[in-house]
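Below are the chains, spelled out letter by letter.
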Amino acid sequence: MSPVQIGVIGCLVLFGLLFTSMPVAFAMIASGVLGFALIINPQAAFSMVIAELFETFSSYNLTVIPLFVMMGQVAFHAGISKRLFHTAYVWMGHLKGGLAMATVGACAGFGAICGSGPATAATMASVALPEMKRYGYADSLAAGTVAAGGSLGMLIPPSVVFIVYALMTEQSIGDLFLAGIVPGILIATMFCLNIYVRSSRDKTLGPAGPRHSWKERIISLNGVVETLILFLLVMGGMFLGLFTPIEAAAIGAAGSFLIAALQKELNILKMKKILLETVRTSSMIFFIVAAATIFGRFLAVSRIPFVVAQAFVSLPLPGEITMFLIILFFLVAGCFIDALALMLLTIPIFFPVVQELGFDPVWFGVIVVVITQMGVITPPVGVNVYVVSGIERDIPLPVIFKGAMPFLGMLVLAAVILILFPQICLFLPGLFH
């Protein structure tokens, strides 16, 4: 068999293993090692595995991930997420669907210091769901809002997905962070408009809460001060050239610890939870990155990325149609594969095509993240939906998926807008060049 044929079989084996519910990292390593051994030889395959695992877990560039994860964990255990939700609730709770809109706003705020979609969904599920249930919100709207709002953590910087994309494609992490700000605000606004319109039509979905005075609203703004300080410290320092992304992550983590300590929110039990969750989450991400790198080595020797790139470029179609086909692939595949794993698997194949067609790689990174956002709320592998279901076991899984579907429509509309008007993503990075 030719290397390309072995490559195709290896990809089929990978998808077969994924459908057996084998963990993504193990599936990628198994199929990658087997395929590499068949094309080169078994000794080279095992040597490659050892080298890639060591290189990934000892990579200086990847230290940015556990630092941002730690910042999010400290923010959660220090009660910052609760204060964000309270502020949003005081300002918007009196509107129809106001608590759900407050949840979206809190998700956007917490995403700005967390970097993870599932972590944002898990945090807001424990903070916002009890309040929405207490005020008589429909389970579908409450749970669907948390699942969809949690996906904002993937787009609003600092985003772990953007970091991985930047490292894979050798793009600027700072540029990608800047490019995600306006689309993140746009999608959060569209989510809120969707909630308001639906709640106005059906008063049983999200009844209005009590109205707060302007004095209470002004006082509640104290709840966003810590988030604003951390965001400006990390992002502002990075974009002004005061420190690198890795230094920014370290300063953000240290700043979150300082804020928590000043508010006397830290104790031995919370420190243990923070460190355990940071190690657990970071190890999972590192292992998936290493596994995807191993599988990527196999794809490289099979020459599949080059064959696919050449096939796409040679299609007698305009570049825009080719890009649409790539985006459609991400949309469909995102329903079956974890967002981070999907990016790690497919970027080595499609990124050369994007470059060959002349599309901006930073814009493409934003589009890919928005598309993969859809995957975290769509069946059968809607990870955010499963996260919410795991925390709020009283709400059936189909109800959460049903509640998330209107937000899927907003994400599709947002993707279309960003494709038609790429400057929405690119004008902020352009200001710093």
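Numbers given for residues are sequential positions, taken from 1 along each chain in its written order. Owing to the predicted nature of the model, reporting of local features is limited to residues with pLDDT of at least 70; listing and counting of side-chain atom pairs is limited to 80 or more, with chain, interface and lining totals taken over all residues. Hydrogens are left out, water is left out, and the side-chain values use all remaining heavy atoms of the structure.

Engineer: Where do I start with the side chain of glutamine 373 in this structure?
Structural biologist: Here glutamine 373 lies in helix 19 (residues 361-375). Setting aside chain neighbours within four positions, we find glutamine 373 in contact with Ser151, Leu152, Met154, Leu155, Ile187 and Leu411. Labels follow the DSSP assignment, with helices taken as runs of H or I lasting at least four residues and strands as runs of E lasting at least two, numbered in each case from the N terminus. Contacts are residue-level and defined by heavy atoms, with any inter-residue pair within 4.5 Å sufficient.

Engineer: Got a minute to help me understand the packing of helix 4 (residues 64-77) against helix 10 (residues 160-169) in this structure?
Structural biologist: Two quantities define a packed helix pair, namely the angle between the helix axes and the distance between the axes. All axes here are fitted lines through C-alpha atoms, helices being fitted over the stretch that makes contact, and every angle between N-to-C directions spans 0 to 180 degrees. Taken N-terminus to C-terminus, the directions of helix 4 and helix 10 make an angle of 170°; their axes are 10 Å apart at the nearest point. Taken together, the axes of helix 4 and helix 10 lie roughly antiparallel to each other. Along its contact with helix 4, which presents Val64, Ile65 and Phe68, the element helix 10 presents Val160, Ile163 and Val164. By residue class, the composition of the contact of helix 4 with helix 10 is six nonpolar, no polar and no charged. Convention used here: angles under 35 degrees read as roughly parallel, angles over 145 as roughly antiparallel, angles from 65 to 115 as roughly perpendicular, and any remaining angle as oblique. Basically, the charged four are Asp, Glu, Lys and Arg, the nonpolar ten are Ala, Val, Leu, Ile, Met, Phe, Trp, Tyr, Cys and Pro, and anything else, Gly included, counts as polar.

Engineer: Where do I start with the nonpolar core in this structure?
Structural biologist: What tends to happen in soluble globular proteins is that the nonpolar side chains get buried as a cluster. By nonpolar core is meant a set of buried Ala, Val, Leu, Ile, Met, Phe, Trp, Tyr and Cys residues that side-chain atoms within 4.5 Å join together. Partly exposed residues are those whose accessible area sits between 20% and 50% of the maximum for their type, while under 20% is buried and over 50% is exposed, using a 1.4 Å probe and protein chains only. Core analysis: the largest hydrophobic core is formed by 153 residues, its most contacted members being Ile65, Phe364 and Ile377. The element that contributes the greatest number of residues to this core is helix 18 (residues 339-357), accounting for 13 residues. With residues near it in sequence (within four places) discarded, phenylalanine 364 still touches Tyr165, Met323, Ile326, Phe330, Ile347, Phe351 and Val354.

Engineer: Teacher, can you tell me more about the side chain of serine 199 here?
Structural biologist: You can see serine 199 is positioned in helix 11 (residues 173-201). Residues in contact with serine 199, not counting those within four places in the same chain, are Lys96, Gly97, Leu141, Leu205 and Gly206.

Engineer: I would appreciate a short explanation of unusual backbone geometry in the present structure.
Structural biologist: Among all residues save glycine, negative phi is the norm, and among peptide bonds the norm is trans. Proline 158 follows proline 157 through a cis peptide bond whose omega is 0°. With respect to the helices and strands, the residue proline 158 is situated in the loop between helix 9 (139-150) and helix 10. Of note in this structure, glutamate 170 is not a glycine but carries a positive phi near 60°. With respect to the helices and strands, the residue glutamate 170 is situated in the loop between helix 10 and helix 11. Assessed through its relative accessible area of 74%, glutamate 170 is described here as exposed.

Engineer: Would you take a moment to explain the packing of aromatic side chains for this structure?
Structural biologist: Aromatic ring pairs: the centre-centre distance and the angle between the two ring planes describe each pair. Note on ring pairs: Phe, Tyr and Trp rings are taken, using the six-membered ring of Trp, and paired if centres are within 6.5 Å. Classes follow the plane angle, with under 30 degrees stacked, over 60 edge-to-face and the rest tilted. Considering all chains together, one arrives at 10 aromatic pairs under this definition. A ring pair is formed by phenylalanine 26 and phenylalanine 287, whose centres lie 5.6 Å apart and whose planes are at 75°; its orientation type is edge-to-face. Of the two residues, phenylalanine 26 is situated in helix 2 (residues 24-39) and phenylalanine 287 in helix 15 (residues 268-302); the sequence distance between them amounts to 261 residues. What makes phenylalanine 287 partly exposed here is its relative accessible area of 25%. On the numbers, 5.7 Å between centres and 25° between planes, the contact of phenylalanine 359 with tryptophan 363 is stacked.

Engineer: Please explain the pattern of salt bridges as it appears in this structure.
Structural biologist: Two side chains with opposite charge may pair up if their charged atoms get near one another. For this analysis, a salt bridge means a side-chain nitrogen from Lys or Arg found within 4 Å of a carboxyl oxygen belonging to Asp or Glu. On inspection of all chains with the given rule, the structure shows four salt bridges. Its salt-bridge partner being arginine 297, residue glutamate 52 comes within 2.7 Å of it at the nearest N-O pair. With glutamate 52 in helix 3 (residues 42-57) and arginine 297 in helix 15, this residue pair connects regions lying 245 residues apart in the sequence. Of the charged contacts, one joins arginine 134 and glutamate 131 as a salt bridge, the two residues approaching to 2.8 Å between their closest N and O atoms. Taken as a pair, arginine 134 and glutamate 131 lie in helix 8 (residues 129-134) at a separation of three residues, close to a single helical turn. Judged by relative accessible area, which is 57%, arginine 134 ranks as exposed. Since its relative accessible area comes to 23%, glutamate 131 is described here as partly exposed.

Engineer: I tried to follow helix 14 (residues 245-262) on my own but got confused; where do I start?
Structural biologist: In an α-helix there are 3.6 residues to a turn, and that puts residues three or four apart on one side. Spanning 18 residues, helix 14 covers 25 Å between terminal C-alpha atoms, matching the ideal 26 Å at 1.5 Å per step. Residues of helix 14 that are buried include every one of Ile246, Ala248, Ala249, Gly252, Ala253, Gly255, Ser256, Ile259 and Ala260, and no others. Residues of helix 14 that are buried make contact with helix 4 and helix 13 (222-239). Just past helix 14, the residue lysine 264 takes up positive phi, approximately 55°. For a helix, the expected span equals 1.5 Å multiplied by the number of residues minus one.

Engineer: Mind showing me how you'd approach the environment of valine 301 here?
Structural biologist: Position of valine 301 among the secondary structure elements: in helix 15. Note on valine 301: relative accessible area 25%, which makes it partly exposed. Taking the C-alpha atoms as reference, valine 301 lies 8.7 Å from valine 4; in sequence the two are 297 residues apart. Once residues lying within four places of it in the same chain are set aside, the contact partners of valine 301 are Pro3, Phe36, Ile39 and Ile40.

In short, shape yes, function no, at least from these values alone.
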